[in-house]
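# What the coordinates show
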Amino acid sequence: MTASHALSGLVIFTHHREELVAFYAALTEWPVTLVDDGSTTLSDGSFEIVVHDAHGDDSEFSVRTEAAIKPVFSVTSASKARALACGGNLLPFGEFRTTDSEYCAVSDPDGNVVTLTVKDSQ
């Protein structure tokens, strides 16, 4: 039997769990599937985003443009708009088009940068 090596989830540490859950729920349109004392999980049944409470100092905010990993989400234009209304910010870089899709960089309410892909038919 061959082992599967598919990415199954993403964990985001934050001091602002409610805001990040609202942003990623609006972005993905996924339901909350688990809430416990330290985290909230959103899932579509095959992939999950775990928004986990961070510890330590919350005094500095910055957009993390130099992060080593940047997730890419394929979304509808409506979910993009909802995510921006929930504290996301469209960034002035990383925006381009292909024949049938728009790509743009967005920061979540904590400053994590994600790329959104919106197909023209969505």
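We now turn to the structure provided with this report. Because the structure is predicted, anything quoted here is derived from the model rather than measured.

### Considerations on the packing of aromatic side chains
Applying the stated criterion to the full structure yields four aromatic pairs. Linked through ring pairs, Phe23, Tyr24 and Phe73 together constitute an aromatic cluster.

### Focus on the pairing of strand S3 (residues 39-43)
Summarising burial for S3: five of the five residues are buried, a large majority. Sheet topology places strand S2 (residues 32-35) next to S3; three bridges connect them, and they run antiparallel. Bridging from a neighbouring strand, leucine 34 pairs with threonine 41 of S3. Here S2 folds back onto S3 in antiparallel fashion, the turn holding three residues. Across five bridges, the pairing between S3 and strand S4 (residues 48-53) is antiparallel. Across the sheet, the residue bridging to threonine 40 is valine 51, located in S4. The hairpin formed by S3 and S4 contains four residues between the paired strands, and glycine 45 there has a positive phi angle of roughly 100 degrees.

### Observations concerning the pattern of salt bridges
Scanning the model with the defined rule gives four salt bridges in all. Among the ionic pairs, arginine 82 bridges to glutamate 29, the shortest N-O distance being 2.6 Å. Here glutamate 29 lies in the loop between helix H1 (17-28) and S2 and arginine 82 lies in helix H2 (residues 77-85), a separation of 53 residues in the sequence. Of the charged contacts in the structure, one is a salt bridge between arginine 97 and aspartate 120, with a shortest N-O distance of 2.7 Å. One end of the pair, arginine 97, is in strand S7 (residues 96-97); the other, aspartate 120, is in the segment after strand S9 (113-119), with 23 residues separating them in the sequence.

### Points about the environment of alanine 85
Here alanine 85 lies in helix H2. Residues alanine 85 and proline 71, spaced 14 residues apart in sequence, show a C-alpha to C-alpha distance of 20 Å.

Conventions used here
Residues numbered from 1 in each chain as written. Predicted model: local features only at pLDDT ≥ 70, side-chain atom pairs only at ≥ 80, totals over all residues. Heavy atoms only, no water. Phe/Tyr/Trp six-rings, centres within 6.5 Å; stacked < 30°, edge-to-face > 60°. Buried < 20%, exposed > 50% of the residue type's maximum accessible area, 1.4 Å probe, protein only. Helix = DSSP H or I, 4+ residues; strand = E, 2+ residues; numbered from the N terminus. Pairing = 2+ DSSP bridges. Salt bridge = Lys/Arg side-chain N within 4 Å of Asp/Glu carboxyl O.

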